[in-house]
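Structure assessment
One letter stands for each residue in the lines below.
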Amino acid sequence: MLSIHLFTLSWTHSVEKTEWLETWLVSPAGLEIVEARVKGSGAGMEPPEGAALENGWWVYRPTLGVQQEIVLAASGATGGGWKLCHESGCLTIGAEPSLPIRVTICAGNE
């Protein structure tokens, strides 16, 4: 369990080998994505309308509403898993085959 209010999730697309990064805000209402970045584009990874190219990254704000959880696949086939970073550091999750990983808010995380 982590006590955080903002975190990033980053990973490398398993087919295109393209870096992705999402910034999430943790609030009493749930998890809200505030920004996404994609290092390039590829099949099925076209930047959405309104995305801006900044230093080689397509940057945009997804229109996804507040989520109660984020479910991350943990196939072990991507070679690196997911990196979750926050103000105190980073940890890698889902690098080995396992059940899906669920990122949720905890009671009292306000």
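Our structure is the block above this text.
Remember, it's a predicted structure, so these values are computed and weren't measured experimentally.

Rules used in this analysis
- Residues numbered from 1 in each chain as written.
- Predicted model: local features only at pLDDT ≥ 70, side-chain atom pairs only at ≥ 80, totals over all residues.
- Heavy atoms only, no water.
- Salt bridge = Lys/Arg side-chain N within 4 Å of Asp/Glu carboxyl O.
- Buried < 20%, exposed > 50% of the residue type's maximum accessible area, 1.4 Å probe, protein only.
- Helix = DSSP H or I, 4+ residues; strand = E, 2+ residues; numbered from the N terminus.
- Pairing = 2+ DSSP bridges.
- Disulfide = S-S within 2.5 Å.
- Core = buried A, V, L, I, M, F, W, Y, C linked by side-chain atoms within 4.5 Å.
- Contact = heavy atoms within 4.5 Å.
- Phe/Tyr/Trp six-rings, centres within 6.5 Å; stacked < 30°, edge-to-face > 60°.

Counted by the stated rule, this structure contains four salt bridges. Put simply, Arg37 and Glu35 hold a salt bridge, and the shortest N to O gap is 3.0 Å. On the accessibility criterion, Glu35 (25% relative accessible area) is partly exposed. Glu69 is the partner of Arg102 in a salt bridge, and the nearest nitrogen-oxygen pair spans 3.5 Å. Placement of the pair is Arg102 in strand β9 (residues 101–104) and Glu69 in strand β6 (residues 69–72), with a sequence separation of 33 residues.

Another aspect to go through is the pairing of strand β3 (residues 30–38). Where strand β2 (residues 19–27) meets β3, eight bridges bridge the pair, whose relative direction is antiparallel. Its bridge partner lying in β3, Leu25 is registered against Glu32. Pairing analysis gives three bridges linking β3 to strand β5 (residues 57–60), with the strands arranged antiparallel. What sits directly across from Arg37, in β5, is Val59.

What follows covers the state of the cysteines. Here is the idea: a disulfide is a covalent bond, and it sits between the sulfur atoms of two cysteines. Summed over all chains, the structure comprises one disulfide. The side chain of Cys85 participates in a disulfide bridge whose partner is Cys90; the two sulfur atoms lie 2.0 Å from each other. Taking the sign of the torsion about the S-S bond as the criterion, the disulfide between Cys85 and Cys90, at about 110°, is right-handed. A relative accessible area of 16% places Cys85 in the buried class.

The next thing to look at is the nonpolar core. For soluble globular proteins, nonpolar side chains are generally found buried alongside one another. In this structure, Phe7, Leu9, Trp24, Leu31, Ile70 and Leu72 are the most contacted members of the largest nonpolar core, which totals 19 residues. Dropping the residues within four chain positions of it, Phe7 is found in contact with Glu22, Thr23, Trp24, Val26, Leu31, Ile70, Leu84, Cys85, His86 and Val103.

Here the focus is the packing of aromatic side chains. Under the counting rule described, the total for this entry stands at three aromatic pairs. Summarising the aromatic geometry, the rings of Phe7 and Trp24 are spaced 6.5 Å apart at their centres and angled 10° between planes, so their arrangement reads as stacked. Highlighted residues: Phe7 in strand β1 (residues 6–12) and Trp24 in strand β2, separated in sequence by 17 residues. Take Phe7: its relative accessible area is 3%, and that puts it in the buried class. Both rings, one in Trp11 and one in Trp20, keep their centres 5.7 Å apart while their planes meet at 15°; by these two values the pair is stacked. A single burial state applies to Trp11 and to Trp20, both of which are buried.

On to the pairing of strand β7 (residues 82–86). Burial analysis of β7 places four of its five residues in the buried class, the great majority of the element. Here three bridges tie β1 to β7, and the two strands are oriented antiparallel to one another. Residue pairing for β7: Ser10 is matched across the bridge by Lys83. When β7 meets strand β8 (residues 89–93), the two strands line up antiparallel, connected through five bridges. For Lys83, the partnering residue across the bridge sits in β8 and is Thr92.

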